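What the coordinates show
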Amino acid sequence: MRIDIPDGQEPIPYVWGGMVPGIGPAAAAFSMAVYDHSTLGLREFEAARLRVAQLNGCLFCLDWRTERDGEKVEESFADAVEDWRGTDAFDERTRLAAEYAERYTVDHHGLDEEFWQRMTAHYSQAEIVELSMAIGSWLAFGRLNHVLGLDTVCALPKP
């Protein structure tokens, strides 16, 4: 960990809340809103989230699986996300979610007209905005936690 945590303090609440009380709680609320208010299907959501986690290298995010109504994606899902181009485990929306997450993360300037035609054929404008905000959240906060070494002690707060 690259941040000194006082004895008796939990790393995530200390860094995200105690060190930057004007920013951290707002960032945490945004991060939780992505999970609490998503209208995207679980597979699409997890394909994008896991692809960002794979590219960020955030240990916690790689190990985490979002659960909705007692359901999670299958164990082999992360491998399929890594092979989003070739897997037969995805429908077109799930494949596009993984592709968008990758391109947003590594080459957002390369999102060309051909890509947007495919996206708008499968996602509504509201879904594209929601997915864009979710990917932005995972990109920013996954990298923040990884860079500061918090991803080895990260845990989402309980509701």
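1. Some details on the overall build of the protein chain
- Counting its regular elements, the protein chain contains eight helices and zero strands.
- Sequence-ordered secondary structure for the protein chain, helices as α and strands as β, is α-α-α-α-α-α-α-α.
- The C-alpha radius of gyration of the protein chain comes to 16 Å, within 12% of the 15 Å expected for a compact globule of 159 residues.
- Taken over 159 residues, the protein chain has a buried fraction of 45%.
- Taking the average place of the 14 positive charges on the side chains of the protein chain and the average place of its 27 negative ones, the gap between the two points comes to 2 Å.

2. Regarding helix H1 (residues 11–19)
- Of the residues making up H1, those classed as buried are Pro-11, Ile-12, Val-15 and Trp-16. Mapping the buried residues of H1 onto a view down its axis gives an arc of 110 degrees, with all of them on the same face. For H1, exposure combined with an orientation more than 90 degrees from the buried face picks out Pro-13 and Gly-18.
- Looking at the buried side of H1, the elements it contacts are helix H2 (24–36) and helix H8 (125–147).

3. With respect to the side chain of Glu-46
- Along the chain, Glu-46 falls in helix H3 (residues 42–56).
- Under the relative-accessibility criterion, Glu-46 is labelled buried at 0%.

4. Here we look at the nonpolar core
- Ranked by size, the top nonpolar core spans 31 residues in total, and within it Met-119, Tyr-123, Leu-131, Ile-135 and Trp-138 carry the most contacts.
- Elements with a minimum of two residues in this core: H2, H3, helix H5 (77–82), helix H6 (92–106), helix H7 (113–122) and H8.
- Other than its neighbours up to four places away in sequence, Trp-138 contacts Val-34, Tyr-35, Phe-45, Ala-48, Arg-49, Val-52, Asn-56 and Arg-143.
- Counting residues in hydrophobic clusters, the runner-up holds six residues, among them Ile-12, Ala-27, Phe-141 and Leu-150.

5. Considerations on the packing of aromatic side chains
- For the structure on display, the rule yields 11 aromatic pairs.
- Look at Tyr-100 and Tyr-104: their rings are 5.7 Å apart centre to centre, the planes differ by 80 degrees, and that puts the pair in the edge-to-face class. With Tyr-100 and Tyr-104 both in helix H6 and four residues apart, this pair spans about one turn of that helix.
- Three or more aromatic residues link up through ring pairs in this structure, and these residues are Tyr-100, Tyr-104, Phe-115 and Trp-116.
- Seen from the ring of Phe-45, Arg-68 lies directly overhead, with NZ or CZ sitting 4.8 Å from the centre.
- One cation-aromatic arrangement involves Arg-93 over Tyr-123; the distance from NZ or CZ to the ring centre is 4.1 Å.

Conventions used here
Residues numbered from 1 in each chain as written. Predicted model: local features only at pLDDT ≥ 70, side-chain atom pairs only at ≥ 80, totals over all residues. Heavy atoms only, no water. Helix = DSSP H or I, 4+ residues; strand = E, 2+ residues; numbered from the N terminus. Rg over C-alpha atoms; globule rule 2.2 N^0.38 Å. Buried < 20%, exposed > 50% of the residue type's maximum accessible area, 1.4 Å probe, protein only. Lys, Arg positive; Asp, Glu negative; His and termini not counted. Charge placed at Lys NZ, Arg CZ, Asp CG, Glu CD. Arc of directions from axis to C-beta. Contact = heavy atoms within 4.5 Å. Core = buried A, V, L, I, M, F, W, Y, C linked by side-chain atoms within 4.5 Å. Phe/Tyr/Trp six-rings, centres within 6.5 Å; stacked < 30°, edge-to-face > 60°. Lys NZ or Arg CZ within 6 Å of the ring centre and 35° of its normal.

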